[in-house]
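Inside the fold
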Amino acid sequence: MALTQLQRDDLHKAIYDYFVSQQLNEAASSFAKETQLNPTKSKVTTGSSKLESKWTNLLRLQKKVMDQQKRIQLLEDELDDYKTGEIFKKKPSTVVYPHRVLHDCVGHRAPLHAVAIHPSEPTIATAGSDCTIKLWHALTGELVRSIQGHRQVVTALCWMPLEDAVLLVSASADLTIRLFNPSTPLEESISLTGHQHTVSDIAVWKTTLISVSRDCSIRYWDGKSKFRPMAVISDAHDTWIRCCAVSSSRLVTGGGKDVKVWNALTRKPLHLLAGHTNIVEDVCFIDSNPSLCASCSRDKTIRIWNIDVGGASVFVLTGHDNWVRSIISHHDFLISASDDRSIRLWDIQKDFTLSRFLPPAHTHFVQAIDFSSTLFASVSSDK
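Rules behind the numbers
- Residues numbered from 1 in each chain as written.
- Predicted model: local features only at pLDDT ≥ 70, side-chain atom pairs only at ≥ 80, totals over all residues.
- Heavy atoms only, no water.
- Helix = DSSP H or I, 4+ residues; strand = E, 2+ residues; numbered from the N terminus.
- Buried < 20%, exposed > 50% of the residue type's maximum accessible area, 1.4 Å probe, protein only.
- Contact = heavy atoms within 4.5 Å.
- Phe/Tyr/Trp six-rings, centres within 6.5 Å; stacked < 30°, edge-to-face > 60°.
- Lys NZ or Arg CZ within 6 Å of the ring centre and 35° of its normal.
- Polar contact = N/O pair within 3.5 Å; in protein donor to acceptor, adjacent residues only side chain to side chain.

Position of I177 relative to the elements: it lies in strand β7 (residues 177-180). Residue I177 is classed as buried on the basis of its relative accessible area, which comes to 0%. The spacing of I177 and I202 is 25 residues in sequence and 8.8 Å in space, taken between C-alpha atoms. In this structure I177 touches V169, S170, I190, S191, L192, H195, V199, I202, L209, S211 and W221, once residues within four positions along its chain are discounted.

Here the focus is the packing of aromatic side chains. Evaluated as defined, the whole model comprises two aromatic pairs. Ring centres 5.4 Å apart and planes at 50° place the aromatic pair F315 and F352 in the tilted group. Residue F315 is found in strand β20 (residues 312-317), and its partner F352 is found in the loop between β23 (343-347) and β24 (353-357); the two are separated by 37 residues along the sequence. For F315, a relative accessible area of 27% gives the class partly exposed. By relative accessible area, F352 is classed as buried at 3%. The ring of W323 has R298 sitting right over it, with the charged end atom 4.1 Å from the ring centre.

Glancing now at the environment of S200. Looking at the secondary structure, you find S200 in strand β9 (residues 199-205). The spatial distance from the C-alpha of S200 to the C-alpha of L175 is 9.3 Å, given a sequence separation of 25 residues. Contact partners of S200, with chain neighbours within four places excluded, come to T155, A156, V212, S213, R214, W240, I241 and R242. At a separation of 2.7 Å, a polar atom in the side chain of S200 contacts the side chain of W240. A polar atom in the side chain of S200 sits 2.9 Å from the backbone oxygen of I241.

Any functional reading would require information beyond the geometric quantities listed.
Pasting the structure below:
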């Protein structure tokens, strides 16, 4: 792109003044003669700083361009891997466990409590105390859509695959559960009512949705019949049920300091798991060993339970300096998030020894985490 005459004159003056300021008088004189510059119209007092400023700005912009080119290349490579399916063929050590923060998704106006990654698309759902659900593009970090359907805090999120769609399910302190199809208008969402207090957590079991609540009940909703109520387990715990998880045939719930294991089909209790000394915040099953489940608590510990031997506590994991809020199992690791702002990986194959920390990403309590085959997401009180 050619310079305009005005730009060319401005550049010539800056170069001439720079020569003079550096006492390169012969060079300045020759340059003025070659460019037909009138030296009396040049301001030596400012020319040097102006040229140097232009040069440093150029270097700064050049670095920004190079950084953006690297980022674009990285995103293009990741996108190509998604399109070809190569990302699912890579070894877990090269793709599963993040070594850097890819995006900071900022937009909520209050602390976050829930996150869920779409099972087959690069979409992440987040929600919290501002009563809104936001959908983010995982590869760019851009906001895709905001959903305002609840009137109070959104406590939990999950995705539920059905035959014709993948629904986003949310639970709230407004006593409702809502099911959204992100590709349809909000007016077409389904609202489930029945709980008498805050709906704390939700889990998908085949075509059934399971919910737990502060009203101490567990409810089953039939996905085959427009989510009509299937069953209710009243007084499942003697206090607020905060969390649940389901495997192929068993359901685990956390209420107060206790964890209970249920037969998911008959809805009969199997084991009472006692050991925590403070409120249980989250539970999960261990992917690589279906006989094990895990729970985390405000007592700063994680407990591993063997369901097949009477629910014995086989490991107690310590190290977090504050409440442990969220746990998930992924391949050979159990991952935990805490109010101490850390996210930790525990090696299942090495008796749950602490393997490593994920890079620091939050400035406040880490409230929830989720992992898909290739994406990891966390949300925090830092919004």
